[in-house]
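Letter by letter, the chains look like this.
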Amino acid sequence: METVYRAIFTMAGGAVALLEPTLPYALIFTLAVFYDCYSAWSLGRRVAAAHPDKAHEWKFTSMKSARVLGTLIKGYAMIVLAHFVTEYIAGDIINLTKVVSGALVFWQVWSILENESSCRSEQDAKLWKLLQRVMVDKTSRHFDVDLSELKDVKDKDD
């Protein structure tokens, strides 16, 4: 039995050593994803305050947590793959780990800015209004409206 434990710990140690260079990138990406979750929650609170008759009550659901977990897993997989490509194929040509991690964090920062700029009053900072000219307003995602019903109406019109 001792041999089995030794083999398991050896493989685990090898996996940790292999993935260790990706940990800082994964940590930064994880922080960006969690901040995006916080900004979405904050937007939900603003929407509920501004439109209490239309907004749905925010609740933590398994579907939302599954989406976050899926985002994290896909991001980690891309970071690890980029690290292996950099380490064993691209070499000194390009550091794909940094490029992929930067793209993933940029994607999350863009989503954060969309959340932060959505559902803002006229008195709020001009920066948010300026951002709304180029970003999606996510306010409607927090309303109790079944978007499939709107799609069915549009399809009938065509």
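Residues numbered from 1 in each chain as written. Predicted model: local features only at pLDDT ≥ 70, side-chain atom pairs only at ≥ 80, totals over all residues. Heavy atoms only, no water.

(A) View of the overall build of the protein chain. Each helix and strand in the protein chain was counted, giving six helices and zero strands. The linear arrangement of helices and strands in the protein chain, starting from the amino end, is α-α-α-α-α-α. Residues counted as buried form 26% of the 158 residues belonging to the protein chain. Residue pairs in contact within the protein chain that sit at least 24 positions apart in sequence constitute 68% of those at least 6 positions apart. Only carbon and sulfur atoms are counted for the fraction: they give 66% of the accessible area of the protein chain, which is about 11400 Å². (Helix = DSSP H or I, 4+ residues; strand = E, 2+ residues; numbered from the N terminus. Buried < 20%, exposed > 50% of the residue type's maximum accessible area, 1.4 Å probe, protein only. Contact = heavy atoms within 4.5 Å. Areas by Shrake-Rupley, 256 points an atom, 1.4 Å probe, with all protein chains shown as cover.)

(B) Quick look at the pattern of salt bridges. Applying the stated criterion to the full structure yields one salt bridge. Where Glu-2 meets Arg-6, a salt bridge forms, and the shortest distance between an N and an O atom there is 2.9 Å. A residue pair is termed a helical-turn pair when its members lie 3 or 4 positions apart in one helix, as Glu-2 and Arg-6 do in helix H1 (residues 2-19) at four residues. Classification of Glu-2 by relative accessible area gives exposed; the value is 56%. (Salt bridge = Lys/Arg side-chain N within 4 Å of Asp/Glu carboxyl O.)

(C) Molecular detail of the packing of aromatic side chains. Evaluated as defined, the whole model comprises five aromatic pairs. On the basis of an interplanar angle of 80° and a centroid distance of 6.2 Å, the ring pair of Phe-29 and Tyr-76 is categorised as edge-to-face. Of this pair, Phe-29 sits in helix H2 (residues 23-50) while Tyr-76 sits in helix H3 (residues 62-90), and the two are 47 residues apart along the sequence. For Phe-29, a relative accessible area of 0% gives the class buried. Since its relative accessible area comes to 30%, Tyr-76 is described here as partly exposed. Ring centres of Phe-106 and Trp-110 lie 5.9 Å apart, and the angle between their planes is 45°; this geometry places the pair in the tilted category. (Phe/Tyr/Trp six-rings, centres within 6.5 Å; stacked < 30°, edge-to-face > 60°.)

(D) Up close: the side chain of Thr-30. Along the chain, Thr-30 falls in helix H2. Of the residues examined, Thr-30 reaches a relative accessible area of 12% and is grouped as buried. With residues near it in sequence (within four places) discarded, Thr-30 still touches Leu-72 and Tyr-76.

(E) The packing of H3 against helix H4 (residues 96-117), seen in detail. Between H3 and H4, the least distance of the axes is 7 Å, while the angle of their chain directions is 160°. In terms of their interaxial angle, H3 and H4 are classed as roughly antiparallel. Contacts between H3 and H4 involve Thr-71, Gly-75, Met-78, Ile-79, Ala-82, His-83, Val-85 and Thr-86 on the former and, on the latter, Leu-96, Thr-97, Val-100, Ser-101, Leu-104, Trp-107 and Gln-108. Partitioning the contact of H3 with H4 into residue classes produces eight nonpolar, seven polar and no charged. (Axes fitted to C-alpha atoms, helices over the stretch in contact; angles between N-to-C directions. Parallel < 35°, antiparallel > 145°, perpendicular 65-115°, else oblique. Nonpolar A, V, L, I, M, F, W, Y, C, P; charged D, E, K, R; others polar.)

(F) Summary view of H4. With 22 residues, H4 should cover 32 Å at 1.5 Å per step; its first-to-last C-alpha distance of 31 Å lies within 8% of that length. Three or more residues of H4 are buried, namely Thr-97, Ser-101, Leu-104, Gln-108, Ser-111, Ile-112, Glu-114, Asn-115, Glu-116 and Ser-117. N-capping of H4 is provided by Asn-95, with a side-chain oxygen placed 3.1 Å from the backbone N of Thr-97. Positioned one or two residues after H4, Cys-119 has a phi angle of 55°, which is positive. (Expected span 1.5 Å × (residues − 1). Polar contact = N/O pair within 3.5 Å; in protein donor to acceptor, adjacent residues only side chain to side chain.)

(G) Local environment of a nonpolar patch on the surface. Nonpolar side chains collect at one region of the surface, where Met-1, Val-4, Tyr-5, Ile-8, Phe-9 and Met-11 lie side by side and expose about 720 Å² of accessible area between them. Judged by relative accessible area, which is 46%, Tyr-5 ranks as partly exposed. (Patch = residues over 30% accessible without salt bridge, like charges linked within 9 Å, V, L, I, M, F, W, Y side chains within 5 Å.)

(H) Representation of the confidence of the model for the protein chain in the model. On average, residues of the protein chain score 81 in pLDDT, and 74% of them reach the 70 mark or higher. Averaged pLDDT values over the elements of the protein chain bottom out at 49 in helix H6 (residues 147-157) and peak at 93 in H4. (pLDDT = per-residue confidence, 0-100.)

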